[in-house]
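# Inside the fold
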Amino acid sequence: MALSMRLSRGGSKKRPYYRIVVADARSPRDGKFIEKIGTYNPLLAKDSDERVKLDADRAKHWLGVGAQPTDRVLRFLDAAGIKERAARNNPNKGKPGEKATERAEERAEKLKAAEEAKAAAEAAPAVEEAPAEESAEG
């Protein structure tokens, strides 16, 4: 039997409350579980002690038996110092999408064209004004 340490949702609509449970991997999310080893209340402040409650001894026991934690539960175990979580690196996640990239390129082109037009406008009147000043003086 494949064991999984995962979250089981409770609470009403828009007010989630989770139990950290050890269950058979084939059972449904909110279905039958073997043991409840903690709770998680995402509505509480992140620095609150009541946000995540975990029975460390039972968690260690189930990890020793071979239970595989989900990513979210593994984060809790790492914060509690029970099991180390490998850091992930996804450099593509922070990159903008195709449309945003296109819009940025269009903005850059418009800005470049505006700067060129401004530079051309500044250069042209300066050439015209210089002879006009000389003829007015002479």
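Thresholds, definitions, all that
- Here the residue numbering is sequential within each chain, running from 1 through the sequence in written order.
- Per-residue local features are limited, in this predicted model, to residues with pLDDT of at least 70; the limit for side-chain atom pairs, both in listing and counting, is 80 or more; totals at the level of whole chains, interfaces and linings are taken over all residues.
- Note that the side-chain values use all heavy atoms of the structure and ignore hydrogens as well as water.
- Grouping buried Ala, Val, Leu, Ile, Met, Phe, Trp, Tyr and Cys residues that are joined through side-chain atoms within 4.5 Å yields what is termed a nonpolar core.
- For each residue, the accessible area found with a 1.4 Å probe, counting protein chains only, is set against the maximum for its type, and the residue is called buried under 20%, exposed over 50%, and partly exposed in between.
- Where helices and strands are cited, they refer to DSSP runs of H or I of at least four residues and of E of at least two residues respectively, numbered from the N terminus.
- Contact criterion: two residues are considered in contact whenever any of their non-hydrogen atoms come within 4.5 Å of each other.
- To pair, rings of Phe, Tyr and Trp, with the six-membered ring standing in for Trp, must have centres within 6.5 Å; the planes then decide the type, stacked if under 30 degrees apart, edge-to-face if over 60, and tilted in the middle.
- Counted as salt bridges are all cases of a side-chain nitrogen of Lys or Arg within 4 Å of a carboxyl oxygen of Asp or Glu.
- By the convention used here, strands pair only if DSSP detects at least 2 bridges between them.
- We call two N or O atoms a polar contact when they sit within 3.5 Å, provided that within protein one can donate a hydrogen and the other can accept it, with sequence-adjacent residues counted only if both atoms are side-chain atoms.

All right, on to the nonpolar core then. Ranked by size, the top nonpolar core spans 15 residues in total, and within it Met5, Leu7, Ile37 and Trp62 carry the most contacts. Contributions of two or more residues to this core are made by β1 (3–10), β2 (17–24), β3 (35–40), α1 (56–65) and α2 (71–80). Leaving out residues up to four positions away in the same chain, Met5 has contacts with Val21, Val22, Ile37, Ala59, Trp62, Leu63, Ala67, Gln68, Pro69, Thr70, Val73 and Leu77.

Counting across every chain of the model gives two aromatic pairs. Taking 5.8 Å as the distance between ring centres and 25° as the angle between the ring planes, the aromatic pair formed by Tyr18 and Tyr40 counts as stacked. Separated by 22 residues along the polypeptide, Tyr18 in strand β2 and Tyr40 in strand β3 bring together distant segments of the chain. Taking relative accessible area as the criterion, Tyr40 reaches 9% and is therefore assigned buried.

Right, let's get into the pattern of salt bridges. Evaluation of the coordinates by the stated rule reveals seven salt bridges. Among the salt bridges present, the one from Asp24 reaches Arg26, with a minimum N-O distance of 3.0 Å. The exposure class assigned to Asp24 is buried, which follows from its relative accessible area of 16%. Between Arg85 and Asp71 there is a salt bridge, with its nearest N and O atoms 3.6 Å apart. Remark: Asp71 occurs in helix α2 and Arg85 occurs in the loop between α2 and α3 (98–137); sequence separation between them is 14 residues. Owing to a relative accessible area of 19%, Arg85 belongs among the buried residues under this scheme. What emerges from the salt-bridge pattern is a single network uniting Asp71, Arg75, Arg85 and Arg88.

Let us look at the pairing of β2. Within β2, six of the eight residues are buried, which leaves the element mostly enclosed by the surrounding structure. Here β1 runs beside β2; their pairing, made up of eight bridges, is antiparallel. Bridging across to β2, Arg6 finds its partner in Val21. Where β1 folds back on β2, the antiparallel hairpin that results is connected by six residues, among which Gly11 adopts a positive phi of roughly 85°. Here β2 pairs with β3 via five bridges, running antiparallel. In the strand pairing of β3, Arg19 is matched with Thr39.

Now for the pairing of β1. Among the eight residues that make up β1, six are buried, leaving the element largely enclosed by the rest of the structure. Taken together, the two bridges between β1 and strand β5 (residues 68–69) define a ladder with parallel strand orientation. By the bridge assignment for β5, Met5 is matched with Pro69.

We now examine the side chain of Asp24. Within the secondary structure layout, Asp24 lies in strand β2. Reaching out from Asp24, the side chain makes a polar contact with the side chain of Arg26 at a distance of 3.0 Å.

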